[in-house]
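Observations on chain architecture
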Amino acid sequence: MHPINLLKGSPHPSLLPATHLRSAAATVLSKPSLYIPALDYGDEAGYHPLRASIAKWLTDFYAPARPIPTERICITGGASQNLACILQVFTDPRHTVAVWLPEPTYHLVFTMFRDAGLEDRLRAVAEDEEGLLVEELEQGIANARYQACDFKGCGDGGDAKSAGAGQTSPGKQYKHLIYCVPTYANPSGATMSVPRREALVRLARRHDALVVCDDVYDFLPVTPAEHPPVPRLVDIDHTLDGGVGDDQFGNVVSNGSFSKILGPGCRVGWAEATPKFVDALAQCGSNISGGAPSHLTSTYINEMLEDGSFHTHLNRTILPAVSARYRLLAEAVRHKLASLGVTFQPDEARGMAVGGFFLWLRLPDRVSSEDADREAAKQGLVIGKGGLFAVPGPDTGGSRERVDGFLRLCFMWENEDRLVEGVERLEMVLRGLLAST
Ligand SMILES: Cc1ncc(COP(=O)(O)O)c(C=O)c1O
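Reading the values: rules and limits
- Residues numbered from 1 in each chain as written.
- Predicted model: local features only at pLDDT ≥ 70, side-chain atom pairs only at ≥ 80, totals over all residues.
- Heavy atoms only, no water.
- Buried < 20%, exposed > 50% of the residue type's maximum accessible area, 1.4 Å probe, protein only.
- Helix = DSSP H or I, 4+ residues; strand = E, 2+ residues; numbered from the N terminus.
- Pairing = 2+ DSSP bridges.
- 1 Å grid on protein atoms, 1.4 Å probe; cavity = no way out; pocket = protein on both sides within 12 Å on 5 of 7 lines; lining within 4 Å.
- Points joined across faces, edges and corners; volume = space filled by probe spheres on them.
- Nonpolar A, V, L, I, M, F, W, Y, C, P; charged D, E, K, R; others polar.
- Near = heavy atom within 4 Å.
- Polar contact = N/O pair within 3.5 Å; in protein donor to acceptor, adjacent residues only side chain to side chain.
- Areas by Shrake-Rupley, 256 points an atom, 1.4 Å probe, with all protein chains shown as cover.

**Re the pairing of strand β16 (residues 406-410)**
With five of its five residues buried, β16 lies for the most part within the structure. A two-sided burial pattern is seen for β16, the buried positions comprising F406, R408 and C410 on one face and L407 and L409 on the other. In this sheet, β16 lies alongside strand β13 (residues 358-362) in antiparallel orientation, the contact comprising five bridges. Along β16, the bridge assignment pairs W360 with R408. In this structure, strand β15 (residues 384-385) lies alongside β16, joined through two bridges in antiparallel fashion. Paired with K385 across the bridge in β16 is L407.

In structure tokens form, the structure reads like this:
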């Protein structure tokens, strides 16, 4: 039986822009004025023309109150690499009290918090169809103040991070970090409502928290995007109640990526925040030594943005695929699994905002996702069992109920006909488990 992988979160090979990239690379590599700087160390904030092209594209896409200036953007090696840099520059285990994550959360971020020395600070917050429960988060932060003394030296008394030999980090150390995926979340598919976004920005300001938003799926709606789309938290931080506070660092950073539009191997993304925040982020030690990551690929992607092939690829290849593939998988789940008691989100039929790469399934009451995962593997079917997305640690305040009866399915990686076959195998698995309980 051939394997079917509904776990992997990459675009299908037929969706890769090899032709456009080949032509962009040929342009760069045939002009000394482009390839000489492209093959050298670059600016700490990244390839300036790409920063400017991204600022223009994001201004057109989000239509924020004011055009986005280039100074608000720096180039990164993708959202993952950049989260690690953000933690290096803007947190410190001696000062940062807690890291708050929705549960379920994108599972591959946990290791980055461990690497930053924040493993014992992870705290889970519930979310609903409108995103993170801000009141629960507020309560958690209030309680965390009392627990702060359990963490040696953390809280008010922590020293600013020293970069060694008399250098002080250009960043500030926030007391709390909040991680989220506000639009078409991985794994839950939920999109945070505007009131919830505003409440979260205000909460972050009250508690000296940095909200790191992985805004990597925003460009992938199933139905043509409303224009302008829901404002990002970084846009809200820019304008809400008179804009960012006196220190000018702001309380939100948007972590963008080309991984889901062009291909994860590009390893190019961007961060948007206040110019002061972006400046400090670009001063991360590895950028000082080597320039921003993914410099050569940045020049190729800039060519694609400038010659229009980026938008052609997004509009003519990726967006139709997101819609067709979402509908194929969603309809298969509805027709084959709903009668067994399975529900899913994001669900167009329930009026939810729909897009991204994933469906989040709630299994029938008597079925655990551990069992479903084990039995699916016997059928050659790979799925994302809910437990993967639980915030790890003994004292996170999390709940197995938020993950144990759930599964994540990706509709962007497998061949289209295998999406339906995958659901048929899952139906067999669930019928077998229901019959044995
Ligand atoms: C929420 C989220 N953040 C980050 C990433 C990884 O992004 P990148 O490839 O830019 O590191 C993913 C990929 O699945 C994701 O779903």
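**Section: empty space enclosed by the protein**
Tallied over the entire structure, the rule returns three cavities of 30 Å³ or more. By volume, the largest cavity amounts to about 110 Å³. Lining the largest cavity are 18 residues, and of these P102, E127, C180, V181 and A185 lie nearest its centre. At the level of secondary structure, the elements contributing two or more residues to the lining of the largest cavity comprise β5 (131-132) and β8 (176-180). Across the lining of the largest cavity, the residue classes break down as twelve nonpolar, five polar and one charged. Estimated volume of the second largest cavity: approximately 50 Å³. Taken together, C74, I75, T76, Q81, N82, C85, L281, N287 and P293 make up the lining of the second largest cavity.

**Observations concerning the site of the ligand**
For the ligand, the set of nearby residues contains 14 residues, the closest of which are S80, Y217, S257, S259 and R267. Within the contact set of the ligand, an oxygen atom lies 2.5 Å away from a side-chain nitrogen or oxygen of S80. Separating an oxygen atom of the ligand from a side-chain N or O atom of N186 is a distance of 2.7 Å. In the complex, the protein chains occlude 93% of the 400 Å² of accessible area that the ligand would expose alone. Partitioning the shell around the ligand into residue classes produces six nonpolar, five polar and three charged.

Purely spatial values, then, with no claim about function.
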